[in-house]
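Single-letter residue listing:
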Amino acid sequence: MLSLQAATVRFGERAALDAVDLEVADHRIVCVLGPSGSGKSTLLRAVAGLQPMDDGRVLLAGQDQAGVPVHRRGLGLMFQDHQLFPHRDVGSNVAFGLRMHGTGRAETNARVRELLELVGLPGAERRAVAALSGGEQQRVALARALAPRPKLLMLDEPLGQLDRNLRERLVVELRTLFQELGTTVLAVTHDQGEAFALADRVVVMRDGRIAQEGTPLDVWQRPASAFVARFLGFDNVTPATVTGHAAATAWGKVPVPEGSPQGEVDLLVRPAGVRIGAPEDGLRCTVGVRTFRGNHVTVRLLPENAPVLEAECALRDTPDEGAVVGVRFDAAETVVLAGAGMPSGA
Amino acid sequence: MLSLQAATVRFGERAALDAVDLEVADHRIVCVLGPSGSGKSTLLRAVAGLQPMDDGRVLLAGQDQAGVPVHRRGLGLMFQDHQLFPHRDVGSNVAFGLRMHGTGRAETNARVRELLELVGLPGAERRAVAALSGGEQQRVALARALAPRPKLLMLDEPLGQLDRNLRERLVVELRTLFQELGTTVLAVTHDQGEAFALADRVVVMRDGRIAQEGTPLDVWQRPASAFVARFLGFDNVTPATVTGHAAATAWGKVPVPEGSPQGEVDLLVRPAGVRIGAPEDGLRCTVGVRTFRGNHVTVRLLPENAPVLEAECALRDTPDEGAVVGVRFDAAETVVLAGAGMPSGA
Amino acid sequence: MAVPVAFFALFFAYPVTAIVGRGLKAEGDWQFGRIGEVLSRPDILDVLWFTTWQALASTALTLLIALPGAYVFARFDFPGKQVLRAVVTVPFVLPTVVVGTAFLALLGRGGLLDELWGVRLDTTVWAILLAHVFFNYAVVVRTVGGLWSQLDPRQEEAARVLGAGRFAAFRRVTLPALAPAVAAAALMVFLFTFTSFGVVQILGGPAYSTLEVEIYRQTAQLLDLPTAAVLTLVQFAAVGGILAVHAATVRRRERALKLVDPAQTSRRPRGAGQWALLGGVLLTALLLILLPLGVLVERSVDGPGGYGFGYYEALQSVGAGGSSTFLVPPLEAVGNSLRYALVATLIALVVGGLAAAALTRRAGRLVRGFDALLMLPLGVSAVTVGFGFLITLDKPPLDLRTSWILVPLAQALVGVPFVVRTMLPVLRAVDDRLREAAAVLGASPLRAWREVDLPLVRRAVLVAAGFAFAVSLGEFGATVFIARPDNPTLPVAVARLLGRSGELNYGQAMALSTILMLVCAVSLLLLERIRTDRSGEF
Amino acid sequence: GCGSDEGSAGSGASKGSGSKTVTLVSHDSFNVSKEVLKEFTKETGYTVKTLKSGDAGAALNQEILTKGSPRGDVFFGVDNTLLSRALDNGLFTAYEAKGLDRVAPDTQTDEKHRVTPVDTGDICVNYDKKYFADKKLAPPQTFADLLKPAYKNLLVTENAASSSPGLGFLLGTIAAEGEDGYEAYWKKLKANGVKVVDGWEQAYNEEFSGSAGGKKAKADRPLVVSYASSPPVEVLYADPQPKEAPTGVATGTCFRQTEYAGLLTGAKNEAGGKALLDFMISKTFQEDMPLNMFVNPVVKDAELPELFTKHGEKVDTPPTVTPEKIAANREQWIQSWQSLVLK
Ligand SMILES: Nc1ncnc2c1ncn2[C@@H]1O[C@H](COP(=O)(O)OP(=O)(O)OP(=O)(O)O)[C@@H](O)[C@H]1O
Ligand SMILES: Nc1ncnc2c1ncn2[C@@H]1O[C@H](COP(=O)(O)OP(=O)(O)OP(=O)(O)O)[C@@H](O)[C@H]1O
Ligand SMILES: Cc1ncc(C[n+]2csc(CCO)c2C)c(N)n1
Ligand SMILES: [Mg+2]
Ligand SMILES: [Mg+2]
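Residues numbered from 1 in each chain as written. Chains lettered and ligands numbered in written order. Predicted model: local features only at pLDDT ≥ 70, side-chain atom pairs only at ≥ 80, totals over all residues. Heavy atoms only, no water.

Chain C goes by Iron ABC transporter permease in an unreviewed UniProt entry, where it is assigned to Streptomyces parvus. Recorded in UniProt for chain C, the comment headed Sequence similarities (unreviewed entry) runs: "Belongs to the binding-protein-dependent transport system permease family." (UniProt positions renumbered as here; feature names shortened; annotations may be inferred.)

For chain A, an unreviewed UniProt entry supplies the name ABC-type quaternary amine transporter and the organism Streptomyces parvus.

**Quick look at the overall build of chain C**
Summing up its helical and strand segments, chain C has 23 helices and four strands in all. In summary, chain C has a C-alpha radius of gyration of 23 Å against a globular reference of 24 Å for 538 residues, a match within 12%. The principal-axis extents of the C-alpha atoms in chain C amount to approximately 65 × 65 × 45 Å. Out of the 538 residues belonging to chain C, those deemed buried represent 64%. Long-range contacts, defined as pairs at least 24 residues apart, comprise 80% of the intrachain contacts of chain C with a sequence gap of at least 6. Summing over all exposed atoms, chain C offers an accessible surface of approximately 18,400 Å²; the carbon and sulfur share of this is 65%. Charge separation in chain C, taken as the distance between the mean sites of 46 positive and 35 negative side-chain charges, equals 9 Å. (Helix = DSSP H or I, 4+ residues; strand = E, 2+ residues; numbered from the N terminus. Rg over C-alpha atoms; globule rule 2.2 N^0.38 Å. Buried < 20%, exposed > 50% of the residue type's maximum accessible area, 1.4 Å probe, protein only. Contact = heavy atoms within 4.5 Å. Areas by Shrake-Rupley, 256 points an atom, 1.4 Å probe, with all protein chains shown as cover. Lys, Arg positive; Asp, Glu negative; His and termini not counted. Charge placed at Lys NZ, Arg CZ, Asp CG, Glu CD.)

**Remarks on the coordination of the magnesium ion (ligand 5)**
Summarising the metal site, the magnesium ion (ligand 5) is bound by the protein donors B:Ser41 (OG) and B:Gln80 (OE1), whose distances to it range over 1.9 to 2.2 Å. Taken together, the positions of B:Ser41 in helix H1 (residues 40-48) and B:Gln80 in the loop between strand S6 (75-78) and helix H2 (90-100) put the pair 39 residues apart, joining distant regions of the chain. (Donors = N, O, S within 2.8 Å, 3.2 Å for Na, K, Ca; no water.)

**Considering helix H9 (residues 166-194) of chain C**
All names here are of chain C. With 29 residues, H9 should reach 42 Å at 1.5 Å per residue; the first-to-last C-alpha distance of 34 Å falls well below that figure. Maximum bend of H9: about 55°, positioned at alanine 179, with proline proline 180 one to four residues after it. Across the 29 residues that make up H9, a large majority, 23, are buried. (Expected span 1.5 Å × (residues − 1). Bend = angle between axes of the 7 residues up to and from the residue.)

**A closer look at the site of ligand 1**
Near ligand 1, the surroundings consist of 17 residues, among which A:Arg127, A:Ser133, A:Gly135, A:Glu136 and B:Thr42 are the closest. Chains contributing residues near ligand 1 are chains A and B. A distance of 2.9 Å separates an oxygen atom of ligand 1 from a polar side-chain atom of B:Arg14. Burial of ligand 1 by the protein chains amounts to 86% of its free accessible area of 630 Å². Elements with a minimum of two residues in the shell around ligand 1: helix H4 (134-146) of chain A together with strand S2 (14-24) and H1 of chain B. (Near = heavy atom within 4 Å. Polar contact = N/O pair within 3.5 Å; in protein donor to acceptor, adjacent residues only side chain to side chain.)

**Let's talk about the arrangement of the chains**
Looking at the four pairs of chains with contacts, the pair that accumulates the most is chains C and D. A gap remains between chain A and chain D, which never touch, and the nearest two C-alpha atoms on either side lie 49 Å apart. As for chain D relative to chain B, no contact occurs, and the smallest C-alpha gap between them is 48 Å.

**Some thoughts on the site of ligand 2**
Of all residues adjacent to ligand 2, which total 18 residues, the nearest are A:Thr42, B:Arg127, B:Ser133, B:Gly135 and B:Glu136. Nearby residues place ligand 2 at the junction of chains A and B. Within the contact set of ligand 2, an oxygen atom lies 2.9 Å away from a side-chain nitrogen or oxygen of A:Arg14. The contact in question runs from an oxygen atom of ligand 2 to an N or O atom on the backbone of B:Gly134, over 3.2 Å. Taken by itself ligand 2 offers 630 Å² of open surface, and the protein chains cover 88% of this.

**Concerning the interface of chain C and chain B**
Taken together, the contacts link 26 residues of chain C with 34 residues of chain B. Summing both sides of the interface, chain C and chain B together bury roughly 2,800 Å²; the carbon and sulfur share of this comes to 62%. The interface formed by chain C and chain B contains three salt bridges. Among the elements of the structure, helix H19 (432-440) and helix H20 (445-474) of chain C are those that each provide at least two residues to the side of chain C that touches chain B. It is H19(C) that contributes the most residues to the side of chain C that touches chain B, seven residues altogether. (Buried area = accessible area lost by both parts, 1.4 Å probe. Salt bridge = Lys/Arg side-chain N within 4 Å of Asp/Glu carboxyl O.)

**Structural notes on the coordination of the magnesium ion (ligand 4)**
All names here are of chain A. On the protein side, the magnesium ion (ligand 4) has Ser41 (OG) and Gln80 (OE1) as donor atoms, found 1.9 to 2.2 Å from it. According to the relative accessible area criterion, serine 41 is buried, its value standing at 19%. When its relative accessible area of 16% is taken as the criterion, glutamine 80 is described as buried.

**Let's talk about the state of the cysteines**
One pass over the structure, following the stated rule, counts one disulfide over all chains. The disulfide partner of D:Cys124 is D:Cys254, and the gap between their sulfur atoms is 2.0 Å. In this structure, the disulfide formed by D:Cys124 and D:Cys254 twists by about 110° around the S-S bond and is classed as right-handed. Highlighted residues: D:Cys124 in strand S5 (residues 115-128) and D:Cys254 in strand S9 (residues 247-264), separated in sequence by 130 residues. We note that D:Cys124, like D:Cys254, is buried. The cysteine A:Cys313 is free of any disulfide, with A:Cys285 supplying the nearest cysteine sulfur at 12 Å. (Disulfide = S-S within 2.5 Å.)

**Thoughts on the sheet that holds strand S5 (residues 63-64) of chain B**
All names here are of chain B. Taken together, the four strands give an open sheet; going across it, the order is S2-S1-S4-S5, and neighbouring strands pair in antiparallel fashion. Looking at the sheet topology across the chains shown, the edges are occupied by S2 and S5. Relative to strand S4 (residues 55-60), strand S1 (residues 2-11) runs antiparallel, the two sharing five bridges. Counterpart to leucine 2 in the pairing with S4 is leucine 60. (Pairing = 2+ DSSP bridges.)

Here it is, written out as structure tokens:
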């Protein structure tokens, strides 16, 4: 469906997109993840033809899109800041794309009604967009982008302002909808949960380049680099030297899974792999701040002469703040990351 | 610090705020949670004096604020859609509040630099706001709201567009900052994780009313109603009749904790409390969609003749889709909610 | 609000009512019968009809030709943009006599069209329409372009990704957002062309006449005040009708828009289409504006002994051949003009700015009515105002009849509507939440106005100031009527020179017109430079 | 200086009527040399403040509107085509200026001396000498000549309804051809291709081939309705000055305008006004006028500058129409002229 080749966009000195190559197969849902300012929106704008590229090509269904005007590319884009038309009411905003494609009035009305229902705003057709709450506006923007059923739909933070409940419902319904319509989707999100729930593949961006690409499970289980691991929220990343089944780290010897690459690497220990036990048992740590996370508690552990460790405990097993505990590591929850110069995904 | 009494705002027929009473003590951080359109932003705007109220009073430090113009209330508000001044650069946006308060140039510059560093945009002073990415704009808006160090700071979705990593770092740093300065904070968020991490207390809103108020742990552990439970993302809520230590539900008998209220109630079973075992063991279910959630997997279980159940499993223990399993319930993870007419928090 | 109301009442409503009243009242009785009488005269009806249709046609043509220009000036960067923007405003200050000359050179005998294709348009209505476009091109480019440059281009992008072509996106998204500015510009162009005087006289010949010409004749030449009063009322009614239509259509369209920094929205043209558009606009401006102006310049240096600056040198001396055409050398007229224009601009800015600020915040019938009333001076003949001054401002403390302040006051009367009409669409587009943002950061309403509204309308204010200045600089009708001690303004001096035979007089008139153009262009350029850089306040 | 003793001690000595300033209200074409005004001040102690407002018609009408509380003391610039209007409105207070005996009697139309004649000027057809020389054609001299086929399509005139020379030319034809004959004359003139434009500026600067503007505009009409003084002015305002004027005057096509001044009723400084009126028919002022306003003096002892005698043509007193007749018929004449010529 979509293919980017060496896509490059520079703003002054800095490259917002730096020779990005990306392939999105038909009917796939791809989520783009990455820190703020890493070029996600720029990527979508470049594909849409809104952002002229300094270099590289965009191909849609094999066709080079250079010179193809935006409205002929047959794609949809939901803007990060919505860009609802203030002069039109909700219904007419959603209907806009349909009218542009010459859809009949009756069908338009029906589709608008249906979509407003989907996003949880039934009967809002005649409301002024300025009188909507933030989340309501986002949902109208989503409905507007969905309405013309483009073959390639690009969503820039489509659910960012919605509460978890609504978001989860929408993720499920959108997946079903996209499957039905055979829509190819390229969605930006900062919510990893959403990315993993929605996406067939995820793309992690960093400073205008692609840091990793793969299935959600892949990326989660085997972050390609310390950057990706950290971005996914894992703080227990440290340089290590792997020899056989164990790695030498600042936290002492940590067991690693079988077949792990050897030598100088970065090592990730997932919080769930940090097992808290008696003080005399393993690495001695003082218990720092505990953060309640709903299902579980994250505990910061302060070893002597070593970087902070983060551990995840069930509510009931959480040690008291200030307590001294011992820590052991679970090989199943450690991942050897691409170290200096190691190929990604190794 | 802040006290709302019967605050009411109506837009036409609908009440966006419906006789809301709220007390926020000095130096507290209160998070307002609630579905999209439940009146969170309206609440903040009413406190700031931007939204005239149809009824009720706002008191700041015991003073009725009726007739006090916005700029004399000594509070700060970060807007949901930022509202950065388009004609000013980043530095001048952040400095705005300081200038309004007559802060000297040197101090202003220093504070701006410091704040931009805090939000991860060091050296961005001279950039045009239109040339910022979505998340960068949000961070500038946050810095701008923080700059004058108001006694009461209200933040409307302050971190919604930031990636998890940055958000978590900011949550920690903001907490420290607020503690240092003794700022009272009223923050809207749709992210429960953020609310629980940031807040001393949370307020859950529904249709312009307060559905529950309490410490994060409180609210999480004992949602006051089926609404709050569902809002927190728990789908396993069902009407039940409690007799002694067990409740009769559509899923059969479910054990409940000791001292649970008796009679006709709503019952919540947390996904972690749904234990999957052999098919002949307990409620017979077919395994439905499995959603990968990073740390764990959520599995939809389809019992015969009963509502869908959601279960949480470790990655390794996840049953295959389509398999038939048996389900038991863990009393420690079930909560008896306020049923028909039961007082909240009971 | 009080200041504009007082200004308007004292210097417009009162004098105009008085002169109209004087006309309709004979021996203490109202003579309303005169209305029917005058209105049944076929020649008056012809004039009314011609006035109306040529104004509508001129407005449509101006919009058609100038809107692409507004786009190009708002969205493209190209070398010489600022200079060109100032230059296209120059026609606005030129005395119509001079413009007539230039247009005849273009459209008349031996003109460009005649030489190229043997087409002559002088004394056809086309000459009038094109001259109207020439005069008012800048009105559209500046009022519409001012807002356009601040519109968020992403709105249009949103339409494009929803399948709208360039034009559809413009029509359905940009145009509605621009509607108030377009309407304001159209209104002003309509009023100018509806009350067109010199252009119609010179280019139309005696065959065409507008209400304004008729009113001038009846008042200034025949002193037939009753007929003049009726015609003034007719003009009032027509203008009032247009204002009502404008108020009704625009109010509904005014919405808060997301305004952005204009510096962010303009870039170099991309692609053949945009270059073609830029080229087309530049070519239009060249043919329609620069060429007529060029004719004037050419004639000012085309002396008997070939090209040279002889006429300019002559301007510095008191008179040729030992006699004096002027008691003051014509160059002093530059100083006079600048002084009057400066005072008039200040008055217009203060009064118009206050009115615009008040009109942004308040709504309601009364306020809206006042909004429309403020436009009326554009639809009233300069003679009416001038004669009205004469019979009303004659008692102390307001015996201003012989005071120099009367000139800038009359000029400001035309400037105020400009200021209001250019500022209002932008002010009303400012999202109230920006003001709220300033308030929660500790800015009082006044301060918020200064810090938020003002920077956002600064462009509009500059545009308005430029217009007010240009209007005053070029104003002829009222200036020439108001008794003034002998300090002629540039247009008055030009008119005097042209009113004499003699080659030197003619040449000096062209030279002085060229100087008038330069003064205008340079003033406008300087005005555009007064844009404190964005970080200035930080 | 007869009046130099009056209040020379200082301006503070006297209020309103004894003021040292005398205000002259006039039209835009009024002009006088500084030295001449200085001389007036030297002689009388009064300084002159001049107010100008519009063309002759507008300036007069403004005075009529402010009748009773005038802006000045003396009004200058009402001519014989408008005189009746001024007199009927009681604009002026009678004053018999000193030296009136020197003034040409045929200009003194008002026996009550409410106005004082100051200058005369002739509106005549001008011709482009070069054109006629090139064509070896004699230029026309009379109204009758203008109807000749040889001059077909050569004349441009002004709209009588909106232009003062245009009206003057119409009145000239009425005076020459009679009230009954002028319409027939204009029909023939129209058949002979007369062109009408709105104002003198266009006629002279755009259409007349003999003027500087006309040459640049490739104008093709060698005959234009203008003033008898235009040829000397063409000489005066040329650099270098030519030996001979490029244009000439058809002396049999003229209409004479006389301009008057009068003491405004209700003047604050009557004494000063009177002194000014006296001065306006003094030799000094009268001799200053020709080169400033390009009109002819009305007093016998005033000498015309050499420029006029050399390049101007002497026009014998043409037939005229009395101010009363003009006042009574003006509108109707213009109307019929318009429907005859413009339609
Ligand atoms: N100006 C207005 N006119 C009419 N209705 C309004 C207006 N502003 C808000 N509302 C309505 O009031 C309700 C509450 O709005 P509010 O903005 O407070 O919601 P919210 O809780 O902040 O939602 P979100 O999370 O989506 O931002 C919504 O249903 C909204 O549509
Ligand atoms: N018009 C512009 N001019 C200059 N720099 C720009 C412009 N637009 C974006 N940038 C910069 O390019 C980089 C990438 O921007 P982009 O909007 O693609 O980020 P993003 O990944 O979408 O971030 P976010 O998650 O915060 O929205 C950012 O550093 C941004 O500041
Ligand atoms: C048709 C037409 N004629 C003249 C002008 C020039 N002009 C500029 S401002 C103003 C009003 C005050 O004099 C006038 C007449 C114009 N714009 N349009
Ligand atoms: Mg983005
Ligand atoms: Mg909100």
